[in-house]
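Fold and contact review
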Amino acid sequence: MRRRRTLFVDADILVVGGGMSGCGATYESRYWGRDLKIVCVEKANIERSGAVAQGLYAINCYMGMQWNENQPEDHVRYARNDLMGLVREDLGYDIARHVDATVHKFEEWGLPIMRDPKTGRYQREGKWQIMIHGESYKPIVAEAARKAASEVYNRIMVTHLLMDKQRPKRVAGAVGFNVRTGDFYVFRAKAVIVTAGGASHIFKPRAVGEGMGRTWYAPWSSASAYALPILVGAKMTQMENRIVLTRFKDGYGPVGAYFLHLKTYTQNAYGQDYEPTWYNSIRERVGDYVDRHPVPTCLRNHALLEEVKAGRGPIRMVTTEAFKDPHKETVGWENFLGMTIGQAVVWASQNIDPKEINPELTTSEPYVMGSHATCSGAWASGPEDYAPSEYQWGYNRMMTVEGLFGAGDAIGGSAHKFSSGSFTEGRIAGKAAVRYVNDLGKQQPQVSEAEYEDLKKVVYKPMENYEVGRNEIVAGTVSPSYILPIHGLQRLEKIMDEYVGGIGAHYTTNEPLLTRGLELLGMLKEDLAHLGAEDLHQLQRAWELQHRVLASECVTQHTLFRTETRWPGYYYRADHPKLDDQDWHCFTLSRYDRDSGKWEMEKAPVYHIVD
Ligand SMILES: Cc1cc2nc3c(=O)[nH]c(=O)nc-3n(C[C@H](O)[C@H](O)[C@H](O)COP(=O)(O)OP(=O)(O)OC[C@H]3O[C@@H](n4cnc5c(N)ncnc54)[C@H](O)[C@@H]3O)c2cc1C
């Protein structure tokens, strides 16, 4: 077996993942920690990495406090309503009160934000969204992080966190490998901020075969933000709260600008408004949550799904009226150019001109994330001046593992952060991590050589498996002694789809299915010891799969624990089909013990701080 070099990097603060929140964490850590060594490590290249890689056409979280448009409390009410009552109001408020300052920085750094010619204010797409020319959003944000960082390490996939030799409950760094050179990296750090994005491809996607990369959430979002903290015993919250998106069929192009700015609307195959049809049955399931404004996203999904099940699909968005207006037509197309060019290509390939034909909508496969309209992620300590005492055990955004912070998709309980809120939360975590590092004084964490040497063997094992096992076959990809990452991924997606409420099961599951799903995931985990990686690219795929499987197990445990259907339209517990505020107006928490492989589940209270 080839010997791999081990390279050591020392840092005061290590930021894992250079997406929106990672760039925010890097930027702010430098602001408060002028003399500290701030290192950002990213598996791609921060210039174009993460969910914003392709660009965005709107910033979805902006209060507009300078014009008295909204206050942070309004945003907390909005997110709480959309999440059917369950959000960490302290975390949401903390982001909302700082997010405008972040957006103003983006503009200063060169991001073109559209303005309303009449008022001179930012052009609103909706109550919370402002419109941008955002093709270069990520490079602009990355430039600020690059200038702030002591060092940025691109192309390094972080596989594990390292714990302190003296105090095993304290983080001490991370290991990973360079996906181009194959070098092994040991990062030794006083604080680690995990900002490694959400999870796609844990449920079977609608687009399979040659189209499998065509998912709504970025296909490279591989659940590291969850697996890394889970493996070291961090508590996770709301992992059952997966998201399903209503989007344009086959391209998953964004619909926000269409609904909000172009004022398009939906109808069934017979040109009828179908949402009122389902009002009474939704009310029976969830009570007066259906009467809230705006109607929670999951309930609108639910109405669409029921209408399709009743045989009146496809559901279409009425674009033909809006596209008669040349301004709106331009906005409609520019929206795709700035964000999802693929949707325009799909329409062209399917002979859909939205001026003439109302395009079909569909619901996506489920994803797991903490920054969009759902709030899966790590359980984090809240802001000192605002969080109830039960939500405070240390520094702001510190997880339940000492010295381990997070932001963006990584942090649970606080939905509707989006790109600007994720960057803001990164800033909040960065500032707190600097305080933590300064307070550490002489008690600095140390990594154990035995631990990282062991991990080095584990990390490259799939390449060894392949090298040894490939001689047993003369052709093809099926081997008696290893499985390829793609095979493992498809097996995972099938299990999650069929047992945990994916598209193939109409998002429906129950206790027997979940229990069997966990057994099958257990068997898959056993087989992951036999992953085979042909090259470094496949080695990255192998570790992405490992992270996805662990996160999936966590999702399944949470789904089993919450015996109610809190978010119809995202998923259904057929054995508990109704929302149950009596028993489940609470957060779900899990903790994984990597030695025993067991999960501990508990409930945590939801405090309503904003009236
Ligand atoms: C299709 C789509 C449309 C969206 N539309 C909007 C919109 O219109 N407006 C808006 O404001 N927001 C929008 N969002 C949401 C926004 O993009 C996210 O909220 C935000 O990017 C989350 O930030 P993050 O830092 O948590 O994750 P990301 O920005 O995804 O960053 C995660 C980073 O971690 C890296 N990484 C992952 N694993 C590892 C590892 N193991 N080792 C090292 N690095 C790793 C990734 O490569 C990535 O760079 C959209 C998202 C998507 C996918």
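Our structure's up above, just so we're on the same page.
Nothing here was measured: the structure is a model prediction, and the numbers come from that model.

1. Some points on the site of the ligand
- In the vicinity of the ligand there are 33 residues, among which S21, E42, A58, S371 and S419 approach most closely.
- Here N60 contributes a backbone N or O atom positioned 3.0 Å from an oxygen atom of the ligand.
- Within the contact set of the ligand, an oxygen atom lies 3.5 Å away from a backbone nitrogen or oxygen of F418.
- Surface burial for the ligand is 96%, taken as the share of its 990 Å² of free accessible area covered by protein chains.
- Elements with a contribution of two residues or more to the shell around the ligand: α1 (20–32), β3 (56–59), β6 (156–163) and α11 (418–440).
- Along the lines of polarity and charge, the residues of the shell around the ligand split into 16 nonpolar, 14 polar and three charged.

2. Observations regarding the nonpolar core
- Counting 163 residues, the largest nonpolar core has I13, Y137, Y226 and F405 as the members making the most contacts within it.
- By residue number, the principal contributor to this core is α11, which donates eight residues.
- Discounting residues that sit within four places of it in the chain, Y137 has contacts with M20, V52, L56, I59, F106, L111, I132, S419 and S420.
- Core analysis: the next-biggest nonpolar cluster, separate from the first, contains 18 residues, M157, L162, V447 and M463 among them.

3. A word on a nonpolar patch on the surface
- On the surface, L337, I341 and V345 cluster together to form a nonpolar patch covering roughly 270 Å² of accessible area.
- One can find V345 in helix α10 (residues 341–349).

4. Focus on empty space enclosed by the protein
- With the rule as written, the count across this model stands at two cavities of 30 Å³ or more.
- Taken as a whole, the largest cavity encloses approximately 60 Å³ of empty space.
- H75, V76, A79, V87, R88, E89, G92, G413, S414 and A415 together form the lining of the largest cavity.
- Every element with two or more residues in the lining of the largest cavity is listed here: α2 (72–82) and α3 (89–108).
- Along the lines of polarity and charge, the residues of the lining of the largest cavity split into four nonpolar, four polar and two charged.
- What the second largest cavity holds in volume is close to 40 Å³.
- Looking at the second largest cavity, the residues that line it are C61, H75, G92, I95, A96, S414, A415, H416 and K417.
- It is α3 that provides the largest number of residues to the lining of the second largest cavity, a total of three residues.

5. Regarding the packing of α1 against helix α4 (residues 137–148)
- Where α1 contacts α4, the axes come no closer than 8 Å and their chain directions differ by 30°. Crossing of α1 over α4 shows left-handed handedness. Along the contact surface, α1 presents M20, C23, T26, Y27 and R30, while α4 presents Y137, K138, V141, A142, A144, A145 and A148.

Rules and cut-offs
Residues numbered from 1 in each chain as written. Predicted model: local features only at pLDDT ≥ 70, side-chain atom pairs only at ≥ 80, totals over all residues. Heavy atoms only, no water. Near = heavy atom within 4 Å. Polar contact = N/O pair within 3.5 Å; in protein donor to acceptor, adjacent residues only side chain to side chain. Areas by Shrake-Rupley, 256 points an atom, 1.4 Å probe, with all protein chains shown as cover. Helix = DSSP H or I, 4+ residues; strand = E, 2+ residues; numbered from the N terminus. Nonpolar A, V, L, I, M, F, W, Y, C, P; charged D, E, K, R; others polar. Core = buried A, V, L, I, M, F, W, Y, C linked by side-chain atoms within 4.5 Å. Buried < 20%, exposed > 50% of the residue type's maximum accessible area, 1.4 Å probe, protein only. Contact = heavy atoms within 4.5 Å. Patch = residues over 30% accessible without salt bridge, like charges linked within 9 Å, V, L, I, M, F, W, Y side chains within 5 Å. Salt bridge = Lys/Arg side-chain N within 4 Å of Asp/Glu carboxyl O. 1 Å grid on protein atoms, 1.4 Å probe; cavity = no way out; pocket = protein on both sides within 12 Å on 5 of 7 lines; lining within 4 Å. Points joined across faces, edges and corners; volume = space filled by probe spheres on them. Axes fitted to C-alpha atoms, helices over the stretch in contact; angles between N-to-C directions. Left-handed = near helix turned anticlockwise from the far one by under 90°.

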